[in-house]
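An overview of the molecular structure
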Amino acid sequence: MVQSLKFKPFITIIVAMAQNGVIGQKGMLPWHISEDLKRFKKMTLKKPVLMGRKTYDSITERIGGGLPERDNLVLTKQRKNKKLEKNTYFFSDVDQVFFWLELNRHKNLFVAGGSTIYEKFLPMANRIEMTHVHKNFAGDTLFPNWDKKEWRECKGQLRKDTNSNVEFYFSTYNKI
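Described below are features of the structure shown in this document.

The rules behind the values
Residues numbered from 1 in each chain as written. Predicted model: local features only at pLDDT ≥ 70, side-chain atom pairs only at ≥ 80, totals over all residues. Heavy atoms only, no water. Core = buried A, V, L, I, M, F, W, Y, C linked by side-chain atoms within 4.5 Å. Buried < 20%, exposed > 50% of the residue type's maximum accessible area, 1.4 Å probe, protein only. Helix = DSSP H or I, 4+ residues; strand = E, 2+ residues; numbered from the N terminus. Contact = heavy atoms within 4.5 Å. Pairing = 2+ DSSP bridges. Right-handed = clockwise from strand over helix to strand, strands pointing away. Phe/Tyr/Trp six-rings, centres within 6.5 Å; stacked < 30°, edge-to-face > 60°. Lys NZ or Arg CZ within 6 Å of the ring centre and 35° of its normal. Salt bridge = Lys/Arg side-chain N within 4 Å of Asp/Glu carboxyl O.

Here's the deal with the nonpolar core
Counting 29 residues, the largest nonpolar core has Phe-121 and Phe-143 as its most contacted members. Of the residues forming this core, the biggest block, five residues, is contributed by helix H3 (residues 94-103). Discounting chain neighbours no more than four positions away, the residues touching Phe-121 are Ile-11, Ile-13, Leu-50, Leu-75, Val-94, Phe-98, Leu-109 and Val-111.

Here is the structure:
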């Protein structure tokens, strides 16, 4: 897999997760927390963001294209019938992603889901930026199991979204 390459970017997983592990429902977030969306944008702006095809499709359906002002890297086995969009690149394996990052002199990579992509990148990740949604939600997509003992957490204060009344807090986990 990636061992053949010398280059490895600093990998940050960025995710919002409910108490019961849910991260999505039918291709959408099951909640709306505007502060979380603003944080996501601020952290990822002008940086490469990797996602799976389903996550990419849900973003393009919602906003009419890939994430603006970011390189959208899509890891997928289904390359056919994909319309090429500005700042969107499709890859069939992790080595191709890392080669592209090295070629384009990107030292950082944000990984934005879904579940299969998170599972693939958790062992390689250096950091996790997680929004803990302080409630259980129904959903069809879960964050993969992970060993919290491998990570050091810096936990933020509990907050409440003014529109949805959903409580949440931000945590940064650094690999030990």
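On we go.
Some thoughts on the pairing of strand S4 (residues 71-75)
Of all five residues in S4, five are buried; the element is thus mostly enclosed. Side chains Asp-71, Leu-73 and Leu-75 project from S4 onto one buried face, and the interleaved Asn-72 and Val-74 project onto a second face that is buried too. With five bridges joining them, strand S3 (residues 48-52) and S4 adopt parallel strand pairing. Note that in S4 the partner of Val-49 across the bridge is Asn-72. For the segment spanning S3, helix H2 (residues 53-63) and S4, crossover handedness is right-handed. When S4 meets strand S5 (residues 88-91), the two strands line up parallel, connected through four bridges. Along S5, the bridge assignment pairs Leu-73 with Tyr-89.

So, the packing of aromatic side chains
Scanning all chains against the criterion turns up 10 aromatic pairs. Aromatic side chains Tyr-89 and Trp-100 sit 4.9 Å apart centroid to centroid with 40° between the ring planes, which places their arrangement in the tilted category. One end of the pair, Tyr-89, is in strand S5; the other, Trp-100, is in helix H3, with 11 residues separating them in the sequence. Looking at Tyr-89, the relative accessible area reads 30%, which means it is partly exposed. The residue whose ring lies beneath Arg-39 is Phe-170, and the NZ or CZ to ring-centre distance is 4.2 Å. The positively charged end of Lys-155 is found above the aromatic ring belonging to Tyr-169, 4.8 Å away from the centroid.

Some details on the pairing of strand S7 (residues 127-133)
Most of S7 is tucked away, with six of its seven residues classed as buried. Pairing of strand S1 (residues 10-18) with S7, which is carried by seven bridges, proceeds in the parallel orientation. Directly across from Met-17, in S7, lies its bridge partner His-132. Relative to strand S11 (residues 167-175), S7 runs antiparallel, the two sharing seven bridges. From the neighbouring strand, Ile-128 faces S11, where its bridge partner is Tyr-173.

Considering the environment of Leu-158
By the element assignment, Leu-158 lies in the loop between strand S9 (151-155) and strand S10 (159-160). Once the C-alpha coordinates of Leu-158 and Phe-168 are considered, the two residues, 10 residues apart in sequence, prove to be 5.7 Å apart. Residues contacting Leu-158, with those up to four places away along its chain left out, are His-134, Glu-167, Phe-168 and Tyr-169.

Overview of the pattern of salt bridges
Enumeration over the complete set of coordinates arrives at four salt bridges. When the shortest N-O distance is used, the salt bridge between Arg-39 and Glu-129 registers 2.5 Å. In this pair, Arg-39 is assigned in helix H1 (residues 34-44) and Glu-129 in strand S7, connecting sequence segments 90 residues apart. On the basis of relative accessible area, Arg-39 is assigned to the buried category, the value being 15%. When its relative accessible area of 7% is taken as the criterion, Glu-129 is described as buried. The partner of Glu-69 in a salt bridge is Lys-46, and the shortest N-O contact between them spans 2.9 Å. Of this pair, Glu-69 sits in the loop between H2 and S4 while Lys-46 sits in the loop between H1 and S3, and the two are 23 residues apart along the sequence. Using a relative accessible area of 45% as the deciding quantity, one classes Glu-69 as partly exposed.

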